[in-house]
Amino acid sequence: MEWGISLGYNKRAKSINIKIIRSFTIIIVLTILIIRVFINVSFESAFEKYVDQSNKSEVNHLVFDLKHIYKDGDWDIRTIKALGEDAISKGIALKVYDKDEKLVWSIFEDEKMLSNNILKKINDNMEKVEKGWNDKFKEYKGRIYDDNGKIVGYSYIGHYESTYYMENDMEFFNIMNKFMLFIALIAIVGIVIISLVISKSISSPISKVSKMAKVIESGNYKNKLEYTSNIKEVDELIYSINKLADALNDQEKLRKRLTTDISHELRTPLTSIKGHLDVIIAGIWEPTNERLVSISEEVLRITKLVNDLTNLSKLDIGQDKLEIENVNLAELVKNIVYNYEIEALDKNINIDYELKDIEILIDKKKFSQAIVNLLTNAIKYTTDGGSIYIKTYKDEKYTNISIRDTGIGIPKEDLKYIFERFYRVDTSRNSETGGIGVGLTIAKHVIELHGGFIEVNSDIGKGTEFVIRI
Ligand code: ADP
């Protein structure tokens with residue numbers, strides 16, 4: 001458990017829907033901007049090149065056609081006018097002078113309004129396309145020859161120096177821009193719809209799981225979330241939540257059973273002690289040695305129970321540092337066996353052992369507790385006349401301590417739970433044997449602290465073998 005964590009929600013936390021829609025929209029807007037910049041750079045320069053090219057070819061045509069404007073010793077004004085009007089519609093201004101530089105024809109004279117309008121329109125359009133457009137007008141002077149190759153005059157062909165777009169170019173340019181805007185809008189609307197669908201598909205299972213977690217939080221552990229999404233992580237979350245509910249349910253059951261067990265375990269010896277004492281105080285019984293020993297045994301039972309609980313709480317708070325020393329395993333086991341032989345003899349159980357002389361680095365007190373727990377279990381769960389066999393030996397990997405009994409055995413389905421705290425195989429069969437289901441929990445923890453583990457094999461009705469491997 002971690003302390004100091006604020007259990008409130010982060011007020012700035014946003015719903016998954018908003019987060020996804022926001023991120024997707026940012027991505028698409030950035031993409032559109034990048035495409036836009038790319039198009040500006042690549043498309044517009046290609047378009048400019050094309051427009052330049054076609055404007056140049058218009059000028060070339062005009063220059064070619066000017067060869068036919070001086071015929072039979074005179075200017076063909078009609079043709080000049082036709083060419084000049086056609087040229088101005090393409091942004092090109094034509095002026096014709098004779099060989100004495102006297103004006104023959106000029107679009108600015110003949111079609112003053114039209115030419116000014118067209119050139120102004122081009123200028124206005126270009127201002128819109130390109131801020132600070134260079135509106136310098138440039139004129140090129142060319143010679144005009146008669147049929148004999150004699151110079152008869154000069155042509156002045158003028159147009160804007162920078163690239164300029166005519167009406168149809170502008171139209172194409174605007175359509176392209178509108179088209180791109182349209183695509184961008186469609187993309188944004190599309191992406192908002194897609195992100196809504198995606199976020200919904202993620203958020204709705206998550207909110208189902210979170211509702212389920214709230215149900216669990218309220219203590220309703222039996223509920224299960226019978227739902228599968230199509231998202232692996234969410235399914236894993238549902239699976240974990242269900243597992244958590246199961247675990248909490250088990251814990252709850254254990255807790256309830258523990259309360260009953262502990263009160264039962266305490267009440268039985270206390271009732272017996274009180275009964276004995278009441279009768280002795282009333283003067284009905286003499287406080288004989290035998291009766292006092294019986295009272296003392298009951299007190300011992302309570303002490304053991306309290307000790308078990310103390311050991312268990314030490315596991316919980318991690319107060320279990322090892323005090324390692326070099327110990328002779330054979331001697332340690334032998335001493336333990338001596339202490340419990342009487343208990344075994346009371347049940348007519350024979351304890352045999354085969355102990356190798358092994359030196360081992362352990363916390364003597366704690367390690368002994370683990371062996372004692374296994375041995376007292378073996379005695380507890382072996383019927384009268386049975387036997388217990390203890391062996392210590394080394395193999396390539398481990399030092400082993402095996403405690404085998406010919407007792408009642410443990411059902412296969414219970415084997416995986418017996419090391420859990422407060423787990424008892426069959427409460428009814430344990431009622432006379434005492435214990436609250438923590439002996440194996442403590443033993444397992446102590447052995448694991450030493451870097452080892454406990455294995456168990458059992459045959460119901462035949463017996464059980466616990467092996468400490470370290
Ligand atoms: P308890 O205090 O009930 O003995 P333990 O944690 O020591 O608790 O053991 C858990 C359960 O495992 C016991 O209740 C018992 O049913 C079973 N068990 C442990 N050791 C043996 C054994 N040697 N033979 C049969 N059953 C055993």
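The structure displayed is predicted, hence computed values, not measured ones.

### A word on the nonpolar core
Part 1 of the reasoning: Counting residues in each nonpolar core, the largest one holds 48 residues, and the members touching the most others are Phe 367, Ile 388, Ile 418 and Phe 466.
Part 2 of the reasoning: Ignoring any residue separated from it by four or fewer positions in sequence, one finds Phe 466 in contact with Leu 374, Ile 401, Ser 402, Ile 403, Ile 410, Ile 418, Phe 419, Leu 440, Ile 454, Glu 455 and Val 456.
Part 3 of the reasoning: Of all hydrophobic cores here, the second largest spans 32 residues; its members include Phe 47, Leu 62, Leu 94 and Val 96.

### Details of the UniProt feature "transmembrane region" (unreviewed entry) in the protein chain
Part 1 of the reasoning: With numbering aligned to this structure, UniProt lists the feature "transmembrane region" (unreviewed entry) at residues 20-39 and 179-198.
Part 2 of the reasoning: Measuring from the first to the last C-alpha atom of residues 20-39 gives 28 Å, for a span that is 100% helix and 0% strand.
Part 3 of the reasoning: Each end of residues 179-198 is marked by a C-alpha atom, and these two atoms are 28 Å apart; helix forms 100% of the span and strand 0%.

### Considering the sheet that holds strand S4 (residues 103-106)
Part 1 of the reasoning: Spatial ordering of the open sheet is given by S4-S3-S6-S5, a layout of four strands whose pairing is antiparallel. The outermost strands of the open sheet, each flanked by one partner alone, are S4 and strand S5 (137-145). The average undirected angle you get between the axes of adjacent strands in this sheet is 20 degrees.
Part 2 of the reasoning: Pairing geometry for strand S3 (residues 93-98) and strand S6 (residues 151-160), over six bridges, is antiparallel. Each bridged residue has a counterpart across the sheet, and for Leu 94 the counterpart in S6 is Ile 157.
Part 3 of the reasoning: Strands S3 and S4 of the sheet are contacted by helix H2 (residues 77-88), whose axis makes an angle of about 40 degrees with S4.

### Some details on the UniProt feature "domain: HAMP" (unreviewed entry) in the protein chain
Part 1 of the reasoning: Those residues carrying the UniProt feature "domain: HAMP" (unreviewed entry) are residues 200-253 in this numbering.
Part 2 of the reasoning: Between the end C-alpha atoms of residues 200-253 the distance is 38 Å, and the span holds 74% helix and 0% strand.

### Considering the environment of Met 126
Part 1 of the reasoning: For Met 126, the location among the structural elements is in helix H4 (residues 112-129).
Part 2 of the reasoning: Not counting chain neighbours up to four residues away, the residues in contact with Met 126 comprise Trp 133, Thr 163, Tyr 164 and Tyr 165.

The rules behind the values
- Residues numbered from 1 in each chain as written.
- Predicted model: local features only at pLDDT ≥ 70, side-chain atom pairs only at ≥ 80, totals over all residues.
- Heavy atoms only, no water.
- Core = buried A, V, L, I, M, F, W, Y, C linked by side-chain atoms within 4.5 Å.
- Buried < 20%, exposed > 50% of the residue type's maximum accessible area, 1.4 Å probe, protein only.
- Contact = heavy atoms within 4.5 Å.
- UniProt positions renumbered as here; feature names shortened; annotations may be inferred.
- Helix = DSSP H or I, 4+ residues; strand = E, 2+ residues; numbered from the N terminus.
- Pairing = 2+ DSSP bridges.
- Axes fitted to C-alpha atoms, helices over the stretch in contact; angles between N-to-C directions.

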